[in-house]
Amino acid sequence: MKFFLDTANLEEIRKAKEWGLLDGVTTNPTLVSKEDMPFQGLVTEILRLVDGPVSLEVVSEHAQGMISEARELNKLGENVVIKIPLTPEGLKAVKILAQEGIKTNVTLCFSPTQALLAAKAGADYISPFIGRLDDISSYGMRLVEDIKDIYGNYGFETQIIVASIRHPMHVLEAALIGADIATMPFPVLEKLFHHPLTDIGIQRFLRDWEKVKARI
Ligand code: G3P
């Protein structure tokens with residue numbers, strides 16, 4: 001299972017990379033808006049830091065605008081993936097970009113049939129938003145299960161990026177289902193390390209090592 005960071009923060013990206021856990025990055029306009037840097041400079045640095053796919057989102061609402069934006073963004077690096085919303089115009093753009101060899105991540109997916117449409121359009125990645133479904137009392141992870149089944153039934157190669165992850169249980173469930181990728185905020189990645197028995201175990205080993213040291 002690949003770990004992507006859902007962020008545009010350079011410090012978070014550097015840390016995850018140092019830990020050897022960074023397979024890619026996903027951004028969106030909201031995440032980019034939180035960083036106090038000019039867009040072009042920020043994105044160039046993210047693309048340089050990350051040895052893996054980096055999703056950059058288009059903001060046009062019509063296919064032609066999305067395609068123009070995608071072509072420009074794609075020039076910024078070999079690891080660029082164009083994030084496109086799941087609308088008829090978006091999928092029109094995905095189909096054309098796929099023919100041009102430009103990679104796409106179809107975002108804002110909230111139903112299995114939307115995911116089916118994205119795969120048929122030739123999307124490289126689909127991003128079901130789990131947390132936002134949980135927020136409205138729907139079982140978000142059920143969507144991931146359904147997409148996995150549907151893609152398996154027809155041999156679609158579109159990879160599933162479990163997105164809108166809010167806590168470690170989302171990562172666990174995504175892994176149990178066998179999703180290709182989990183994209184998570186940095187605090188969730190940090191939380192995956194923590195277990196009280198690990199902390200207690202370290203303290204005990206260090207305390208006992210003091211006794212051994214006294215005999216060296
Ligand atoms: O990258 C998109 C997605 O992960 C957004 O998450 O927390 O805003 O629902 P959230």
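Residues numbered from 1 in each chain as written. Predicted model: local features only at pLDDT ≥ 70, side-chain atom pairs only at ≥ 80, totals over all residues. Heavy atoms only, no water.

*Asks:* What am I meant to see in the overall build of the protein here?
*Replies:* The helix and strand inventory of the protein stands at eleven helices and eight strands. Seen through its C-alpha atoms, the protein measures out along the principal axes to roughly 75 × 40 × 30 Å. The burial tally for the protein puts 44% of its 216 residues in the buried class. Pairs at least 24 residues apart make up 56% of the contacts formed inside the protein by residues separated by at least 6 positions. Working note: accessible area of the protein is about 11,600 Å², and carbon and sulfur atoms make up 55% of it. On the protein, the mean spot of the 23 positive side-chain charges and the mean spot of the 29 negative ones are 4 Å from each other. (Helix = DSSP H or I, 4+ residues; strand = E, 2+ residues; numbered from the N terminus. Buried < 20%, exposed > 50% of the residue type's maximum accessible area, 1.4 Å probe, protein only. Contact = heavy atoms within 4.5 Å. Areas by Shrake-Rupley, 256 points an atom, 1.4 Å probe, with all protein chains shown as cover. Lys, Arg positive; Asp, Glu negative; His and termini not counted. Charge placed at Lys NZ, Arg CZ, Asp CG, Glu CD.)

*Asks:* Would you explain the pattern of salt bridges in this entry?
*Replies:* Note on pairing: side chains with opposite charge can pair once their charged atoms come close. Counting across every chain of the model gives eleven salt bridges. The partner of arginine 48 in a salt bridge is glutamate 45, with the nearest N and O atoms 2.7 Å apart. Linking arginine 48 with glutamate 45, this pair stays in helix H3 (residues 39-49), spanning three residues, or about one helical turn. Judged by its relative accessible area of 56%, arginine 48 is exposed. Counted as one network, the salt bridges with shared partners bring together Glu11, Arg14, Glu45 and Arg48. (Salt bridge = Lys/Arg side-chain N within 4 Å of Asp/Glu carboxyl O.)

*Asks:* Can you walk me through the site of the ligand in this structure?
*Replies:* In the vicinity of the ligand, the residues found are Asp6, Asn28, Lys83, Phe129, Arg132, Ala163, Ser164 and Arg166. Asparagine 28 is positioned with one of its side-chain polar atoms (N or O) 3.4 Å from an oxygen atom of the ligand. Note that an oxygen atom of the ligand is positioned 2.8 Å from one of the side-chain N or O atoms of arginine 166. Among the detected pockets, the ligand sits in the largest pocket. Class assignment for the residues of the shell around the ligand results in two nonpolar, two polar and four charged. (Near = heavy atom within 4 Å. Polar contact = N/O pair within 3.5 Å; in protein donor to acceptor, adjacent residues only side chain to side chain. 1 Å grid on protein atoms, 1.4 Å probe; cavity = no way out; pocket = protein on both sides within 12 Å on 5 of 7 lines; lining within 4 Å. Sits in = over half its atoms within 2 Å of the grid points. Nonpolar A, V, L, I, M, F, W, Y, C, P; charged D, E, K, R; others polar.)

*Asks:* Whenever I open this one, the side chain of threonine 107 confuses me. Can you help?
*Replies:* For threonine 107, the position within the fold is in strand E5 (residues 104-109). The class of threonine 107 is buried, set by a relative accessible area of 1%.

*Asks:* What should I look at first to understand the packing of helix H1 (residues 10-18) against H3 in this one?
*Replies:* Helix packing for two helices is described by the angle between their axes and how far apart those axes are. The interhelical angle for the contact between H1 and H3, taken along N-to-C directions, is 0 degrees, at an axis separation of 11 Å. Comparing the axis directions of H1 and H3 gives the class roughly parallel. Note on element contacts: H3 touches H1 through Leu42, Glu45, Ile46 and Leu49, opposite Leu10, Ile13, Arg14 and Lys17. By residue class, the composition of the contact of H1 with H3 is five nonpolar, no polar and three charged. (Axes fitted to C-alpha atoms, helices over the stretch in contact; angles between N-to-C directions. Parallel < 35°, antiparallel > 145°, perpendicular 65-115°, else oblique.)

*Asks:* Is there a simple way to think about the layout of surface pockets in this case?
*Replies:* Picture a little ball the size of a water molecule; that probe, rolled over the atoms, points out where space is still empty. Taken as a whole, the largest pocket encloses approximately 240 Å³ of empty space. What lines the largest pocket is a set of 16 residues, among which Asp6, Asn28, Leu31, Arg132 and Ser164 lie closest to the centre. Here the residues of the lining of the largest pocket sort into five nonpolar, six polar and five charged. (Points joined across faces, edges and corners; volume = space filled by probe spheres on them.)

*Asks:* What exactly am I supposed to notice about helix H4 (residues 63-74) here?
*Replies:* Think of an α-helix as 3.6 residues a turn; residues three or four steps apart then line up on the same face. For H4, with twelve residues, the first-to-last C-alpha span of 16 Å sits near the 16 Å given by 1.5 Å per residue. Taken together, the buried residues of H4 touch H3, strand E3 (54-57), strand E4 (80-85) and helix H5 (88-99). (Expected span 1.5 Å × (residues − 1).)

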